[in-house]
Amino acid sequence: MSPDLLDWKPDLLGVEGRVRPVVTAPAPVLSTTGEDVDPADPEVVQLAADLVATMRVSPGCVGLAAPQLGVSAQVFVVDVTQHPKTVTTHGTFVLCNAKVVEASRWRPGREGCMSVPDLTGDVKRAGRVVVEGALPGSGDPVSLATDAFEARALQHEIDHCGGKLFLDRVAGAHAIYQRKVYL
């Protein structure tokens, strides 16, 4: 893990995050590949703060991507700290222009999404990943190695930035379910 991520906290953004409405499918922004961003751009820094603020007021939310706030951009937040399936966690962090550079130990698992509130689905994801991206504000590069639930959350959010929903990754209609618990 990059030492920059160990020290990074949302208050380093230096701006107050605003809670914004979450966009739901079939909004076109959710199926559009987000643009790469300049992590130092003040609009990107504000977007990062807004993602953190919106995630924190959303029960059960472990990640949120810019397209879910209606912005076609390569920015997302993840924090799996409180989730019962968490094995490894790096706390709350925002990444810009993130890419999976290594992936292994593929396994199916159930996923849900705030942008698809009524459904869950079984999605095959890597159980171990290395992700590279940049921190908002400083633009410092980050390389993050993680596993288990945090790896799944990262892949889910990177998919959002690439215009994909978890529904695009399920094996078929037999792997989609009505959500039983509403958060």
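Residues numbered from 1 in each chain as written. Predicted model: local features only at pLDDT ≥ 70, side-chain atom pairs only at ≥ 80, totals over all residues. Heavy atoms only, no water.

Caption draft 1: Spatial organisation of the layout of surface pockets. Within this model, the second largest pocket holds a volume of roughly 220 Å³. As for the second largest pocket, its lining consists of 14 residues, of which Arg 107, Gly 127, Ala 148, Phe 149 and Arg 152 are closest to the centre. Secondary-structure elements contributing two or more residues to the lining of the second largest pocket are strand S3 (93–113), strand S4 (116–134) and helix H3 (148–161). A class-by-class count of the residues in the lining of the second largest pocket yields four nonpolar, two polar and eight charged. (1 Å grid on protein atoms, 1.4 Å probe; cavity = no way out; pocket = protein on both sides within 12 Å on 5 of 7 lines; lining within 4 Å. Points joined across faces, edges and corners; volume = space filled by probe spheres on them. Helix = DSSP H or I, 4+ residues; strand = E, 2+ residues; numbered from the N terminus. Nonpolar A, V, L, I, M, F, W, Y, C, P; charged D, E, K, R; others polar.)

Caption draft 2: Broad picture of the pairing of S3. Note: strand S2 (residues 75–78) against S3, four bridges, orientation antiparallel. Within S3, the residue paired with Val 77 across the bridge is Val 94. Remark: two residues form the turn of the hairpin made by S3 and S4, two consecutive strands paired antiparallel. (Pairing = 2+ DSSP bridges.)

Caption draft 3: Structural view of the nonpolar core. Judged by nonpolar contacts, the single largest core of 41 residues is most densely connected at Val 75, Phe 76, Phe 93, Leu 95 and Leu 154. Those elements that place two or more of their residues in this core are helix H2 (42–56), strand S1 (63–65), S2, S3, S4, strand S5 (141–147) and H3. Once you skip the residues sitting within four places of it in the chain, Phe 93 turns out to touch Leu 5, Trp 8, Phe 76, Val 77, Val 78, Leu 144, Glu 150 and Leu 154. If you look at the next biggest cluster of nonpolar residues, it comprises 11 residues, including Val 23, Val 29, Val 116 and Ala 175. (Core = buried A, V, L, I, M, F, W, Y, C linked by side-chain atoms within 4.5 Å. Buried < 20%, exposed > 50% of the residue type's maximum accessible area, 1.4 Å probe, protein only. Contact = heavy atoms within 4.5 Å.)

Caption draft 4: Seen up close, the pattern of salt bridges. Under the criterion given, the structure shown has eight salt bridges. With a shortest N-O distance of 3.0 Å, Arg 20 and Asp 50 are connected by a salt bridge. Taken together, the residues Arg 20 in the loop between helix H1 (3–7) and H2 and Asp 50 in helix H2 connect sequence positions 30 residues apart. Looking at Arg 20, the relative accessible area reads 24%, which means it is partly exposed. (Salt bridge = Lys/Arg side-chain N within 4 Å of Asp/Glu carboxyl O.)

Spatial relationships are all this shows, so hold off on functional conclusions.
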